[in-house]
Amino acid sequence: MNNFTYRSQREKDNIEEILRQRKRKFNRQQFVSALIIAAILISLGLYVGFHVYYTEYDGYVHVDANKVRTPFDIYLDSVYVKEGDIVSPGDTLYSYYNIDLLLDHANPATEPSLVTHNRDLTLKYQKAAQQVAVLRTRIAELEKQIEVESHNISFGLSSNSHKLDLERELNVARTQLKALLGELGTLWRMRNETTPAYAEGSSGSWGLNGHMAQQIYDDTRSNFLRQLISYHLVSDSSIVTQVMAPDRMIFFKKEEIMTTQHLDLEANNLQVVAYIPIDKMHRITNCSKAEVVVNGDFSFKATVSVLGLRADIIPEHLRSYFSKKNTALIAILKIDPGQTVPFWNMASGLPVRVRVRNTDTWGAEPTAENYLWYTTGEGIKIDLPGDWKYKAPKDTASVWSQFSN
């Protein structure tokens, strides 16, 4: 006998509601799954389509920097610019002292040449003054002897010859005195001109009193040292990109103090450097038009100028874990003129993506314009005949192996 279960109308309604809820839930799950699958397929399609239509290469922006270096060993006094300043020709970058001159005035074991020269002039002046005193005494004695001889001659006690000899000696002595007085005046002026301004207790290396004065590094603003200060001026309009020189420091010859860049970055060889893997060489040629993408926010146009300039190691952070080839050819791209981009897009070393269209190379045979050709034993071929045409072999792999060779 079959089991009979009685369900009320209310229970039947509840069961139907539960079934409807389950059906709606199942439909929602199917809809969500369909959306996810569609999104995945669309993303995959866009990814595949993008890589079929475009090829991207890693690269970076290159700008030469003008490194401001010291011409010789210097003591840096002050830096008058900071990073980001725009300077014009004639503006002062920094002031400095020649370290050799500083050592001459700061080394306690030596004297400045000015002090030594002043001492020599003082000795010569004193010696000349003593000779002047001796000559004046000699002239006074000769004048007295001439008076005595004149008296003796008047009384007939002496001849005139001795008087003439005395007068001759007197004239010679007066001539010598006149010359010595002129030399004494010259020595006096020269001694005053070479007397250091710091001789009486002001800053310097040595005082004329023979005691050590204040050292040069204790007072770089002394009156005497201000005559030794030099200034480095700007020759071209540029922007200061980096300053690595604190004040009051010693910098040795050829040591870098700061870096600058021309306001016209093309004067600093502005270009884009791209890494071209060997297996992607067929996607780019000389004169290829490219879009340089910076962080997905900004982009600008560029043109390949030299392809295969050299081979270089791909940076570690750009290498693929699934590829054993870590060496790529280097392509140089010149940025097309007439574009306005943020200045930070032109920062040297900025990583970028170089994007070229594959349609530009689809079905295109290698021509003289596509590559820079080389003939063994003859060198690089710049101008090729107008009727020249390259016949590609059937084996495509051998074609690109020949290009790489």
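Scroll up for the structure.
Computed from a predicted structure; not experimentally measured.

Engineer: Please clarify how the sheet that holds strand E3 (residues 74–79) should be interpreted in this entry.
Structural biologist: With antiparallel pairing, four strands are arranged side by side in an open sheet as E6-E5-E3-E8. Because the sheet does not close on itself, it has two edges, and the strands there are strand E6 (229–233) and strand E8 (249–251). Averaged over all neighbouring strand pairs, the angle between strand axes comes to 40°, with direction disregarded.

Engineer: Hey, could you run me through the pattern of salt bridges in this one?
Structural biologist: As a working rule, side chains carrying opposite charge can pair if their charged atoms are close by. Evaluation of the coordinates by the stated rule reveals 10 salt bridges. Between Asp85 and Lys82 there is a salt bridge, and its shortest N-O distance comes to 3.3 Å. The class of Lys82 is exposed, set by a relative accessible area of 54%. Of the charged contacts in the structure, one is a salt bridge between Arg168 and Asp165, with a shortest N-O distance of 2.3 Å. Separated by three residues within a single helix, Arg168 and Asp165 lie in helix H4 (residues 160–193), roughly one turn from each other. Bridged by salt links that share partners, the residues Glu56, Asp58, Glu291, Arg353 and Arg355 form one connected network.

Engineer: What am I meant to see in the packing of helix H3 (residues 113–154) against H4 here?
Structural biologist: In a pair of packed helices, the angle between the axes and the distance between the axes together describe the arrangement. Contact geometry for H3 and H4: axes closest at 8 Å, N-to-C directions at 160°. Comparing the axis directions of H3 and H4 gives the class roughly antiparallel. The handedness of the crossing between H3 and H4 is left-handed. The residue makeup of the contact of H3 with H4, split by class, is 20 nonpolar, nine polar and 10 charged.

Engineer: Explain the nonpolar core to me, please; I cannot follow it from the model alone.
Structural biologist: For soluble globular proteins, nonpolar side chains are generally found buried alongside one another. Grouped together as the largest cluster of nonpolar side chains are 26 residues, with contacts concentrated most on Val272, Ile276 and Leu333. Going through the elements one at a time, strand E1 (54–62), strand E10 (271–276), strand E11 (289–294), strand E12 (298–313), strand E13 (327–335) and strand E14 (351–357) are the ones with two or more residues in this core. Discounting chain neighbours no more than four positions away, the residues touching Leu333 are Gln271, Val272, Ala274, Ala290, Ala302, Thr303, Val304, Ser305 and Val354.

Engineer: Please clarify how the pairing of E10 should be interpreted in this entry.
Structural biologist: Look at any regular strand and the pattern is simple: side chains alternate between the two faces of the sheet. A large share of E10 lies buried, amounting to six of its six residues. Side chains Gln271, Val273 and Tyr275 of E10 all project onto a buried face; the interleaved residues Val272, Ala274 and Ile276 project onto the opposite face, where all are buried too. The pairing of E1 with E10 spans four bridges and is antiparallel. By the bridge assignment, Val61 is partnered in E10 with Val272. In this sheet, E13 lies alongside E10 in antiparallel orientation, the contact comprising five bridges. Looking across to E13, one finds that Ala274 is bridged to Ala331.

Engineer: Where do I start with unusual backbone geometry in this structure?
Structural biologist: Glycine aside, the phi torsion of most residues is negative, and most peptide linkages are trans. Phi at Lys254 takes a positive value of approximately 70°, unusual for a residue other than glycine. Accessibility expressed as a relative area gives 54% for Lys254, which makes it exposed. At Cys287, a residue that is not glycine, the phi angle is positive and equals roughly 70°. Along the chain, Cys287 turns up in the loop between E10 and E11. Since its relative accessible area comes to 53%, Cys287 is described here as exposed.

Engineer: In this structure, what is going on with the sheet that holds strand E9 (residues 256–262)? I would like to understand it.
Structural biologist: Strands in a sheet are paired, the pairing made by backbone hydrogen bonds, and the direction either parallel or antiparallel. A sheet is described by the order of its strands in space; here four strands give the open sequence E2-E9-E7-E4, paired in antiparallel fashion. Of all the strands in the sheet, the pair left with one neighbour each is strand E2 (66–69) and strand E4 (86–87). For E2 and E9, the ladder comprises four bridges, and the chain directions are antiparallel. Considered in E9, the bridge of Asn66 is made with Thr260.

Engineer: How should I be thinking about the packing of aromatic side chains in this particular structure?
Structural biologist: Aromatic ring pairs are described here by two measures, namely the spacing of the ring centres and the angle between the planes. Taken as a whole, this structure holds six aromatic pairs when the rule is applied. Here the aromatic cluster, defined as three or more aromatic residues joined through ring pairs, consists of Phe72, Tyr94 and Tyr96. Across the ring face of Tyr125, the terminal group of Arg191 is positioned such that the distance to the ring centre comes to 4.7 Å. A cation over a ring is seen here: Arg355 above Tyr54, with NZ or CZ 5.8 Å from the ring centre.

Definitions and cut-offs
- Residues numbered from 1 in each chain as written.
- Predicted model: local features only at pLDDT ≥ 70, side-chain atom pairs only at ≥ 80, totals over all residues.
- Heavy atoms only, no water.
- Pairing = 2+ DSSP bridges.
- Helix = DSSP H or I, 4+ residues; strand = E, 2+ residues; numbered from the N terminus.
- Axes fitted to C-alpha atoms, helices over the stretch in contact; angles between N-to-C directions.
- Salt bridge = Lys/Arg side-chain N within 4 Å of Asp/Glu carboxyl O.
- Buried < 20%, exposed > 50% of the residue type's maximum accessible area, 1.4 Å probe, protein only.
- Parallel < 35°, antiparallel > 145°, perpendicular 65-115°, else oblique.
- Left-handed = near helix turned anticlockwise from the far one by under 90°.
- Nonpolar A, V, L, I, M, F, W, Y, C, P; charged D, E, K, R; others polar.
- Core = buried A, V, L, I, M, F, W, Y, C linked by side-chain atoms within 4.5 Å.
- Contact = heavy atoms within 4.5 Å.
- Phe/Tyr/Trp six-rings, centres within 6.5 Å; stacked < 30°, edge-to-face > 60°.
- Lys NZ or Arg CZ within 6 Å of the ring centre and 35° of its normal.

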